[in-house]
2 protein chains.
Amino acid sequence: MGANESDAIEPGVDAPRFVPLYRQIKALITRGLRDGTWLPGGAIPSEMELAARFNVSQGTVRKAIEELAAENLLVRRQGRGTFVATHDEPRTQFRFLRLRPDDGVEQGFVNRILECRRARAPVDIARSLALRSGEAVILIRRLLSLGETPTVLDEIWLPGRRFRGLTTERLAARGGPLYGMFEREFGTRMIGANERLKAVAAGREVARALQVAEGAPLLQVERVSFTYDNVPVEVRKGHYVTETHHYATEVG
Amino acid sequence: MGANESDAIEPGVDAPRFVPLYRQIKALITRGLRDGTWLPGGAIPSEMELAARFNVSQGTVRKAIEELAAENLLVRRQGRGTFVATHDEPRTQFRFLRLRPDDGVEQGFVNRILECRRARAPVDIARSLALRSGEAVILIRRLLSLGETPTVLDEIWLPGRRFRGLTTERLAARGGPLYGMFEREFGTRMIGANERLKAVAAGREVARALQVAEGAPLLQVERVSFTYDNVPVEVRKGHYVTETHHYATEVG
DNA sequence: GAGTGGTCTAGACCACTGA
DNA sequence: CAGTGGTCTAGACCACTCG
């Protein structure tokens, strides 16, 4: 007998002996998403059509799509179709910026780009992005303000290859959320991220940028974001002022 | 045909015009969990038996169970059965205490009860617990340490009715996680919680208890936990030392 | 009314566990 | 080997959207 010809799932450390059909279908759909066959905001083919195309039953396609919808890669809308999730929706943005006003009255952030330049990856960034130390990266520094109040100072590291051509001008030209622009202009869609939070005392530089006293308590947020197949594509080091805001999350 | 006899779903503000069968089955199973018909760690009846009991197909029961498993109320184990989730498992504890060592080397916390007494609910606690201001509550103060290093100072508020008879002695007698004891001894299982995080400067009392300098940055964590049907049953105000640890979470 | 996703059923067979 | 959950199929019908 030949070797296992499944190329849908990479073997990993513990090669599973059995891969259900719907997982293979899921991998095929994921590939279409990654490749840009179907674009963010657009519809994918109907269940019936995918079932015919892959030569499986509708129920099998459905199970694959249900998992992708649970992972926020797809959005199902009864009567209309199944759509590729996009960052150009307020709901999605809320999921990625967890800072909320204590009094519940939402206000929009104003985004100011302080800097955007090419650099060589320091060791820690390189490790997080699965690059070699010294490889080309892009560094963005930006400030989010509420009205006149600086609130979030971010330092964003991106792999140079994937974001070639990203400049301050392009960032300034495009308002709106960064992740929306990344998926439109660079074909890189952020799927999720891991965050590590600490309370720290404001250093001199950060304190000045955020207009707080040196030594003031700040929420430090380190994020590693990934795209399809858990490939890391962004490191973000943020400092949040939590005087009138809090970081909201759910556990359980 | 008679009127719709479903008493499984409460109408809510927007009474849904259509409630699928599997949701009604889900509500019936949830009731059994809430009532203690099936206890944490124990098995619920098999899919076939539930299908027969409720007079629906196995597939419908399966869909109800799948949702409950996705919400971490049930745990499915192929070949063995479906079990009621319990806090007496390390996996579950990790989900509720998000503090992790920076270097990845896990260490167990030592739990010391500083105080446990009856009190009257302040306004904010009362509101969070859906009590009237001044109603009986239990206040626990406790310290989690890593070796000799105090790391987490918690102030825990519980509704007096539900936790009648909870004393320092009972807390001390039972080691292990609080939530495990709550579900065993008081029949109240914590399902999930919302947390609000801020960076704050240590006040005098807190600084002394955590052996840090007054004004040192601390991670303040305010938690409201709920049991079945989203009923709030605990308010927790914590201060975390994040010198060598971080709060880990996922976004997306 | 045509087309989409959503529900429900019935049955066959597979993967896994434990006695 | 019996019993459990897991997969896959096929078909019927329902709820919803939109032209």
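Residues numbered from 1 in each chain as written. Chains lettered and ligands numbered in written order. Predicted model: local features only at pLDDT ≥ 70, side-chain atom pairs only at ≥ 80, totals over all residues. Heavy atoms only, no water.

When chain A is brought onto chain B, the operation consists of a screw motion whose angular component is 180 degrees and whose axial shift is 0.0 Å, with 0.0 Å RMSD remaining. Between the two chains, the operation in question is that of a two-fold axis. (Least-squares fit on C-alpha atoms with pLDDT ≥ 70 in both.)

Below, the discussion takes up the protein's contact with DNA strand D. Neighbouring DNA strand D are 21 residues, the closest being Leu21, Ser57, Thr60 and Lys63 of chain A together with Arg76 of chain B. What you see for DNA strand D is that sugar and phosphate hold 76% of its atoms within 4 Å of the protein. In the environment of DNA strand D, a base nitrogen lies 3.1 Å from a nitrogen or oxygen atom belonging to the side chain of Arg62 of chain B. Gly79 of chain B has a polar backbone atom sitting 2.9 Å from a base nitrogen of DNA strand D. Elements with a minimum of two residues in the surface near DNA strand D: α1 (21–35) and α3 (58–70) of chain A together with β2 (74–77) and β3 (81–84) of chain B. Split into classes, the residues belonging to the surface near DNA strand D amount to 5 nonpolar, 9 polar and 7 charged. (Near = heavy atom within 4 Å. Polar contact = N/O pair within 3.5 Å; in protein donor to acceptor, adjacent residues only side chain to side chain. Helix = DSSP H or I, 4+ residues; strand = E, 2+ residues; numbered from the N terminus. Nonpolar A, V, L, I, M, F, W, Y, C, P; charged D, E, K, R; others polar.)

Turning next to the domain arrangement of chain A. Residue and element names in this part refer to chain A. In terms of domains, chain A is made up of domain 1 (5–84) and domain 2 (90–247). Each of domain 1 and domain 2 has a C-alpha centre, and the two are 31 Å apart. Domain 1 puts 7 residues into the contact, and the matching count from domain 2 is 7 residues. The contact between domain 1 and domain 2 buries some 710 Å² in all, and 55% of this surface belongs to carbon and sulfur atoms. For domain 1, the biggest contributors to the area lost against domain 2 are Arg34, Asn72 and Leu73; these three give 52% of the whole. With a closest N to O distance of 2.5 Å, Arg34 and Asp229 form a salt bridge. Counting the contacts that link domain 1 with domain 2 gives 1 residue pair in polar contact (both at pLDDT 80 or more). By residue number, the principal contributor to the side of domain 1 that touches domain 2 is α1, which donates 3 residues. (Domains from an automatic or database assignment. Contact = heavy atoms within 4.5 Å. Buried area = accessible area lost by both parts, 1.4 Å probe. Salt bridge = Lys/Arg side-chain N within 4 Å of Asp/Glu carboxyl O.)

Below, the discussion takes up the pattern of salt bridges. Residues and elements named next belong to chain A. Across all of its chains, the model carries 43 salt bridges over all chains by this definition. The residue Asp124 makes a salt bridge to Lys237 at a minimum N-O spacing of 3.0 Å. On the criterion of sequence distance, the pair formed by Asp124 in helix α5 (residues 123–129) and Lys237 in strand β10 (residues 231–240) is long-range, its members being 113 residues apart. The exposure class assigned to Lys237 is partly exposed, which follows from its relative accessible area of 24%. In the salt-bridge network here, residues are joined through shared partners; they are Arg23, Lys26, Glu67 and Glu71. (Buried < 20%, exposed > 50% of the residue type's maximum accessible area, 1.4 Å probe, protein only.)

On to the sheet that holds strand β6 (residues 136–146) of chain A, then. Read across the sheet, 8 strands follow the order β5(A)-β6(A)-β7(A)-β10(A)-β9(A)-β8(A)-β11(B)-β4(B) without closing on themselves; strand pairing throughout is antiparallel. At either end of the open sheet lies a strand with only one pairing partner, and these are β5 (110–120) of chain A together with β4 (99–101) of chain B. Here the average twist between neighbouring strands, direction ignored, is 25 degrees. Relative to strand β11 (residues 245–251) of chain B, strand β8 (residues 192–201) of chain A is paired through 5 bridges, and the arrangement is antiparallel. Residue pairing in the sheet places Glu195 of chain A in a bridge with Thr249 of chain B of β11 of chain B. Against the sheet, helix α7 (residues 178–185) of chain A touches β6, β7 (149–159), β9 (217–227) and β10 of chain A, its axis set at about 160 degrees to β10 of chain A. (Pairing = 2+ DSSP bridges. Axes fitted to C-alpha atoms, helices over the stretch in contact; angles between N-to-C directions.)

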